[in-house]
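Architecture at a glance
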Amino acid sequence: MTDADLLRSLGVDPSHLAPAPPWAPRQAAGAERLDGSHPCVRCGQPARATGVVTVPGYGRRWLDRCMPCLIATTPRGGPRAPLADTLAVLREAAQEAGVDLTIRTDEP
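Residues numbered from 1 in each chain as written. Predicted model: local features only at pLDDT ≥ 70, side-chain atom pairs only at ≥ 80, totals over all residues. Heavy atoms only, no water.

Core analysis: the biggest nonpolar cluster contains eight residues, these being L6, L7, L10, V12, L17, V53, V55 and L63. Every element with two or more residues in this core is listed here: helix 1 (3–10) and strand 1 (49–55). Looking at which element gives the most residues to this core, the answer is helix 1, with three residues. Every residue in contact with L63, bar those within four places of it in the chain, is listed here: L6, L7, L10, L17, V41, A49, T50, G51 and V53. (Core = buried A, V, L, I, M, F, W, Y, C linked by side-chain atoms within 4.5 Å. Buried < 20%, exposed > 50% of the residue type's maximum accessible area, 1.4 Å probe, protein only. Helix = DSSP H or I, 4+ residues; strand = E, 2+ residues; numbered from the N terminus. Contact = heavy atoms within 4.5 Å.)

See the structure below:
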């Protein structure tokens, strides 16, 4: 996921983010932002994590998030299993649990 994709997923206009310094942020610069005065860009709660995103046309910008929003919007790495494999696991789990399950997908 690119920085621009991340901002789109958060619904954040990069022009609303504070400009970040042109150098890589050191721990001290990031820690200063976590004094409780910067809100999470997603929910408005006090930010507990900060980073820098680079967006074409806007340059480097601070991206401040609270921990729940950071976790919810951090891309998970690793290979993704094919949908058919994931559905098979869900069906098997439902069968073992004795649960009626209907799965609807947009794939044939």
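Bringing the confidence of the model for the protein into the picture now. Across the protein, pLDDT averages 86, with 92% of residues at or above 70. Put simply, helix 2 (residues 27–33) is where the protein has its lowest mean pLDDT, 76, and strand 2 (residues 59–65) is where it has its highest, 93. (pLDDT = per-residue confidence, 0-100.)

This paragraph deals with the environment of L101. Along the polypeptide, L101 turns up in the segment after helix 4 (83–97). Look at L101 and you get partly exposed, because its relative accessible area is 44%. Here the alpha-carbon distance between L101 and R91, two residues 10 residues apart in the chain, equals 7.1 Å. Not counting residues up to four positions away in its chain, the partners in contact with L101 are L90, R91 and A94.

Turning next to the side chain of R33. Note on placement: R33 falls in helix 2. Side-chain polar atoms of R33 contact the side chain of H38, separated by 3.3 Å. A distance of 2.6 Å separates a polar atom in the side chain of R33 from a polar atom in the side chain of D64. Excluding anything up to four places from it in sequence, R33 contacts A18, H38, T50, W62 and D64. (Polar contact = N/O pair within 3.5 Å; in protein donor to acceptor, adjacent residues only side chain to side chain.)

Right, let's talk about the layout of surface pockets for a bit. Within this model, the largest pocket holds a volume of roughly 170 Å³. Lining the largest pocket, in full, are V12, D13, H16, L17, A18, R33, H38, P39, C40, V41, W62 and D64. Looking at the lining of the largest pocket residue by residue, the classes come out as seven nonpolar, two polar and three charged. (1 Å grid on protein atoms, 1.4 Å probe; cavity = no way out; pocket = protein on both sides within 12 Å on 5 of 7 lines; lining within 4 Å. Points joined across faces, edges and corners; volume = space filled by probe spheres on them. Nonpolar A, V, L, I, M, F, W, Y, C, P; charged D, E, K, R; others polar.)

The next thing to look at is the pairing of strand 1. Taken together, the seven bridges between strand 1 and strand 2 define a ladder with antiparallel strand orientation. Bridged to A49 within strand 2 is R65. (Pairing = 2+ DSSP bridges.)

Moving on, we get to helix 4. Over its 15 residues, helix 4 runs 21 Å from end to end, which matches the ideal 21 Å to within 8%, given 1.5 Å per residue. At the exit of helix 4 stands G98, carrying a positive phi of roughly 70 degrees. (Expected span 1.5 Å × (residues − 1).)

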